[in-house]
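# Examination of the molecular architecture
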Amino acid sequence: MKGRKPRIAVVPGDGIGVEVTNEALKVLAAAAEAHGLEPELRCYDFGAERYLRTGETLPPGALEEFRGFDAILMGAFGDPRVPDMKHAADILLGTRFHLDLYANERPVRCLSSRLCPLKERRREEIDFVIFRENTEGLYVGMGGNFKKGTTDEIAIQEDVNTRKGVERIVRHAFGYASRHCRRKSGQKPKVTMSDKSNVLRFGHDLWQRVFWEVAAENQGIEANHLYVDALAMQMVKDPSQFDVIVTCNMFGDILTDLGAQLQGGLGMAASGNINPQGVSMFEPVHGSAPKYAGQDVANPLGAILTVQMMLEHLGQPETASLIERAAIEAVESGRCTRDVGGELGTRATGDAVAALVRSLA
Ligand code: NAD
Ligand code: IPM
Ligand code: MN
């Protein structure tokens with residue numbers, strides 16, 4: 001049950017996923033203690049190590065079991081010993097698909113002007129959210145190879161866009177915009193849809209029709225459209241123009257790494273995989289960064305801000321805001337990892353943010 005004792009499934013995964021999740025849990029414990037929350041955590045060892053040891057990516061019934069939690073927290077997956085990412089496909093994409101987590105909410109919010117890579121931009125100018133469709137598109141795994149390994153090989157990867165799938169993510173983006181306008185006062189909330197309908201004449205024509213239909217029902221919200229190539233350029237040229245962006249699975253994946261860099265790097269970016277009617281899953285945007293694994297250098301702030309998103313979703317906005325204030329203070333005071341200009345390791349950054357949580361509570 002949501003409330004003072006949320007039940008949370010934790011899957012740290014591989015590489016730095018494990019390290020950043022440890023620090024995120026440290027900060028969760030400090031914030032929960034400060035506000036009298038008693039989260040019940042259940043840890044799962046799903047990841048490359050377990051797969052290599054047992055040959056099994058997930059035990060039977062594991063994804064169903066997740067339905068019994070109030071939220072799921074994941075780290076990251078990816079291990080050079082599993083080059084085809086079979087385990088990540090089953091665990092990460094499996095969770096997104098099986099639990100129908102269709103709205104991948106990825107905020108692009110710069111915590112400190114110091115972290116902004118764009119000349120003369122202040123942190124306030126980088127504050128928008130990308131909604132990535134999370135259950136369809138090129139990710140469904142439909143297709144195949146014919147004459148594989150020969151010079152006549154044909155490889156087909158289908159891009160699946162359904163009326164239901166496109167409509168629900170577009171409606172979700174408008175619903176979010178109407179509740180959380182992130183723009184300056186006096187401006188209407190704005191939803192920008194991005195596709196490649198000038199080339200992808202079938203699937204992205206569906207996105208066009210659905211988007212303008214839903215936009216017409218939402219006159220209080222400004223609607224606009226940019227082709228994805230132009231959107232990528234505008235995110236760098238003038239990120240202050242954006243409020244809510246909605247796009248397909250593959251474009252959302254790519255744009256949110258660009259968005260992460262606007263926040264100071266992949267180590268800073270958080271995300272939620274939301275099913276508004278069921279359990280949702282939260283994870284940082286970054287991967288397992290194998291070259292940094294085991295070195296205590298990975299930035300845990302993306303995972304910590306992911307816990308903030310999870311607490312907001314669990315109906316604990318004060319505790320979420322406490323974590324955010326501590327993260328901002330950590331960055332502003334240089335108590336952070338090298339990638340964002342500090343000198344601390346992963347664990348010391350987690351300790352510093354947890355201490356800030358206690359002192360700001
Ligand atoms: P990655 O996100 O793991 O790392 C790319 C680069 O970003 C790193 O080399 C590092 O410079 C930086 N970075 C990422 N996270 C950081 C952090 N917390 N602190 C500091 N710097 C950080 O992406 P990749 O190298 O393309 O992929 C590595 C593996 O992770 C692959 O197996 C890939 O498939 C997988 N992956 C998994 C997820 C996920 O589980 N959600 C997401 C992306 C990639
Ligand atoms: C992400 C990742 C995943 C994705 C991979 C690891 C399957 O890049 O969460 O952004 O493409 O969705
Ligand atoms: Mn990605």
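Residues numbered from 1 in each chain as written. Chains lettered and ligands numbered in written order. Predicted model: local features only at pLDDT ≥ 70, side-chain atom pairs only at ≥ 80, totals over all residues. Heavy atoms only, no water.

Glancing now at the overall build of the protein. Helix and strand counts for the protein stand at 11 helices and 12 strands. For a compact globule of 361 residues, the expected C-alpha radius of gyration is about 21 Å, and the protein comes in at 20 Å, within 12% of that figure. Dimensions of the protein along its principal axes, counting C-alpha atoms only, are 60 × 55 × 40 Å. For the protein, the proportion of its 361 residues judged to be buried stands at 55%. Counting only contacts in the protein whose residues sit at least 6 apart along the sequence, the fraction spanning at least 24 positions is 74%. In the form shown here, the protein has an accessible surface area of approximately 15700 Å², with 52% of it arising from carbon and sulfur atoms. With 42 positive and 48 negative side-chain charges, the protein shows a spacing of 2 Å between the two charge centroids. (Helix = DSSP H or I, 4+ residues; strand = E, 2+ residues; numbered from the N terminus. Rg over C-alpha atoms; globule rule 2.2 N^0.38 Å. Buried < 20%, exposed > 50% of the residue type's maximum accessible area, 1.4 Å probe, protein only. Contact = heavy atoms within 4.5 Å. Areas by Shrake-Rupley, 256 points an atom, 1.4 Å probe, with all protein chains shown as cover. Lys, Arg positive; Asp, Glu negative; His and termini not counted. Charge placed at Lys NZ, Arg CZ, Asp CG, Glu CD.)

What follows concerns unusual backbone geometry. Positive phi is not limited to glycine here, since Asp100 has a value of about 55°. Within the fold, Asp100 resides in the loop between α4 (86-98) and β4 (103-109). With a relative accessible area of 28%, Asp100 lands in the partly exposed category.

Here we come to the domain arrangement of the protein. As assigned here, the protein comprises domain 1 (1-101 + 275-361) and domain 2 (105-266). Listed by partner, the interface residues are 20 residues for domain 1 and 21 residues for domain 2. The contact between domain 1 and domain 2 buries some 1700 Å² in all, and 56% of this surface belongs to carbon and sulfur atoms. Across the pair Arg109 and Glu324 runs a salt bridge whose closest N-O atoms are separated by 1.7 Å. Along the contact surface separating domain 1 from domain 2 lie 5 residue pairs in polar contact (both at pLDDT 80 or more). Contributions of two or more residues to the side of domain 1 that touches domain 2 are made by α4, α9 (301-313) and α10 (317-332). (Domains from an automatic or database assignment. Buried area = accessible area lost by both parts, 1.4 Å probe. Salt bridge = Lys/Arg side-chain N within 4 Å of Asp/Glu carboxyl O. Polar contact = N/O pair within 3.5 Å; in protein donor to acceptor, adjacent residues only side chain to side chain.)

A few words on the packing of helix α5 (residues 163-179) against helix α6 (residues 203-216). With their axes 10 Å apart at the nearest point, α5 and α6 run at an angle of 40° to one another. One element, α5, and the other, α6, form an angle in the oblique class. As for how α5 packs across α6, the hand of that crossing is right-handed. Here Arg163, Val166, Glu167, Ile169, Val170, Arg171 and Phe174 of α5 come into contact with α6, specifically with Leu206, Trp207, Val210, Phe211, Glu213, Val214 and Ala215. For the contact of α5 with α6, the per-class residue count stands at 10 nonpolar, no polar and 4 charged. (Axes fitted to C-alpha atoms, helices over the stretch in contact; angles between N-to-C directions. Parallel < 35°, antiparallel > 145°, perpendicular 65-115°, else oblique. Left-handed = near helix turned anticlockwise from the far one by under 90°. Nonpolar A, V, L, I, M, F, W, Y, C, P; charged D, E, K, R; others polar.)

Time to look at the site of ligand 1. Around ligand 1, the surrounding shell holds 20 residues, and the nearest of these are Phe77, Met85, Gly287, Ala289 and Asn299. Glu283 has a polar side-chain atom sitting 3.3 Å from a nitrogen atom of ligand 1. (Near = heavy atom within 4 Å.)

Attention now goes to the packing of α10 against helix α11 (residues 346-360). Packed helix pairs are characterised by how far apart their axes lie and by the angle those axes make with each other. For the pair α10 and α11, the least separation of the axes is 8 Å and the interaxial angle reads 120°. As the angle between them shows, α10 and α11 are arranged oblique. For α10 against α11, the interelement crossing comes out right-handed. Contact with α10, carried on its side by Leu322, Ile323, Arg325, Ala326, Ala327, Glu329 and Ala330, involves Val353, Leu356, Val357 and Leu360 of α11 and no other residues of that element. When its residues are assigned to classes, the contact of α10 with α11 shows 9 nonpolar, no polar and 2 charged.

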